[in-house]
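Residue strings, one per chain:
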Amino acid sequence: MRFALSTNWNNDRLNDGAAIADEAIALGFDALELGFRTMPEQIAGFKSRLDRMPVDSVHAYCPVPIGAPSGHPELHQLAHHDEDERALARMLLKKTLACAADLGAKVVVTHAGYADLNGFFAKLDSSVLRELVIDPDGVPDVKQPVYAKRLAKAHARRKKRGRKLLEVFRRELDLVIPELEKTGLTLALENLPSLEGFPNAEEAETLMKDLAGAPVRLWFDTGHARVRASYQWDDPETDIANRFAPHVCGMHLNDVKDFHDDHRQPGWGKVDFAALKPLAQRDILRVFEPHEPVKFNDLKASLEMIRRLWAEKPKDARA
């Protein structure tokens, strides 16, 4: 089973793309995902190691656009009601597609955007909900009446505003799909760790039905899915993984304790990676996406653990 490492883990620590690739090799990874922190001057180093460390996927936007203060996946959003914002997102996405095609990648991962949940009289965004979930003792508790009441209102608003954003985004994809077909790349829409993150499960289902046969798929982030489930913004992560498995072309492997997007190595937190084995064994990309606090030896041990956990049953094995 093949595993890639997101360069977001060591991109800020190592300036040379070749050195980043060499570290991934030393850890035991098979490929790379170029993260959104990739600088233009690092590309040459990655190219010099393609024979030993291929690039399977690229996370938009990559490389970091000239003039941007830093790399970020939401510098501009394709799912947005502002036309100029969408135009800028299309421009950056086109540059990312060119970079991915040049490196021989298969998939470009993107954060599509957000459905705004605030209004004149009530703020219902995820930051508000996160505060309401904390009980008087400072412990997260989704059973609190005030949280349940506000969450119900937020879900209703999310559904209504998501429909409007879906119409805009669907038209935007019509402009992007020809470029995907020209480059031979697949655009993967990542699940995001907030209630307003777009697309949610319902919207993703609609998109996959409407875009059957198009080079647009879904990307499953294990930590993001666990966060969404913890807040009751979505179904349990294993249910989501099973529901959308036929539409998923790749996954980010990172672990969380529950309510925070920790981006730690698998095995550190509460994500049930054993239960995600059916999805992992499909023909998809598998990318470790830890953040920088994760240490070399911990990441190496995590990779070895996941390889054992998800090892395929021998063909001659008997039930």
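Anything mentioned here points back to the structure above.
Residues numbered from 1 in each chain as written. Predicted model: local features only at pLDDT ≥ 70, side-chain atom pairs only at ≥ 80, totals over all residues. Heavy atoms only, no water.

## Observations regarding helix α6 (residues 201-210)
No. 1: For α6, the complete set of buried residues consists of Ala-201, Glu-203, Ala-204, Leu-207 and Met-208. Projected down its long axis, α6 carries its buried residues within an arc of 160°, all on one side.
No. 2: In the core, the buried residues of α6 are packed alongside α5 (145-183), β6 (186-190), β7 (197-198), β8 (216-221) and α8 (237-244).
No. 3: The N-capping residue of α6, defined by a side-chain oxygen 3.2 Å from the backbone nitrogen of Glu-202, is Asn-200. (Buried < 20%, exposed > 50% of the residue type's maximum accessible area, 1.4 Å probe, protein only. Helix = DSSP H or I, 4+ residues; strand = E, 2+ residues; numbered from the N terminus. Arc of directions from axis to C-beta. Contact = heavy atoms within 4.5 Å. Polar contact = N/O pair within 3.5 Å; in protein donor to acceptor, adjacent residues only side chain to side chain.)

## A closer look at the packing of α6 against α8
No. 1: Their axes nearest at 12 Å, the elements α6 and α8 cross at an angle of 5°. Taken together, the axes of α6 and α8 lie roughly parallel to each other. Contact residues: Ala-201, Ala-204 and Glu-205 in α6; Ile-240, Arg-243 and Phe-244 in α8.
No. 2: Of the residues belonging to the contact of α6 with α8, the class tally is four nonpolar, no polar and two charged. (Axes fitted to C-alpha atoms, helices over the stretch in contact; angles between N-to-C directions. Parallel < 35°, antiparallel > 145°, perpendicular 65-115°, else oblique. Nonpolar A, V, L, I, M, F, W, Y, C, P; charged D, E, K, R; others polar.)

## Structural notes on the side chain of Asp-56
No. 1: Within the secondary structure layout, Asp-56 lies in strand β3 (residues 55-59).
No. 2: Sequence-distant contacts of Asp-56, that is, excluding residues within four places in its chain, are made with Arg-2, Ala-31, Leu-32, Ala-105, Lys-106, Val-107 and Leu-285.

## Things to note about the environment of Cys-249
No. 1: With respect to the secondary-structure elements, Cys-249 resides in strand β9 (residues 248-253).
No. 2: With a relative accessible area of 8%, Cys-249 lands in the buried category.
No. 3: As for Cys-249 and Ile-20, which are separated by 229 residues in sequence, their C-alpha atoms are 25 Å apart.
No. 4: Among residues more than four places away in sequence, those in contact with Cys-249 are Val-107, Thr-186, Ala-188, Arg-217, Leu-218, Trp-219, Ile-284 and Leu-285.

## Section: the pattern of salt bridges
Here the idea is simple: oppositely charged side chains can pair when their charged atoms come close.
No. 1: Summed over the entire model, instances satisfying the criterion amount to 16 salt bridges.
No. 2: For Arg-13, the salt bridge identified is with Glu-23, shortest N-O distance 2.9 Å. Note that Arg-13 is positioned in the loop between β1 (4-6) and α1 (17-27) and Glu-23 in helix α1, a separation of ten residues in sequence.
No. 3: Looking at Glu-23, the relative accessible area reads 17%, which means it is buried. (Salt bridge = Lys/Arg side-chain N within 4 Å of Asp/Glu carboxyl O.)

## Here we look at the sheet that holds strand β2 (residues 31-34)
No. 1: Pairing in this closed barrel of eight strands is parallel, and the strands run β1-β2-β3-β4-β6-β8-β9-β10 around the ring. Taking the axes of each pair of neighbouring strands and ignoring which way they run, one obtains an average angle of 30° across the sheet.
No. 2: In this sheet, β8 lies alongside β6 in parallel orientation, the contact comprising four bridges. By the bridge assignment for β8, Leu-189 is matched with Leu-218.
No. 3: Seen against the sheet, helix α3 (residues 83-103) touches β2, β3, β4 (107-110) and β6 and runs at an angle of roughly 145° to β4. (Pairing = 2+ DSSP bridges.)

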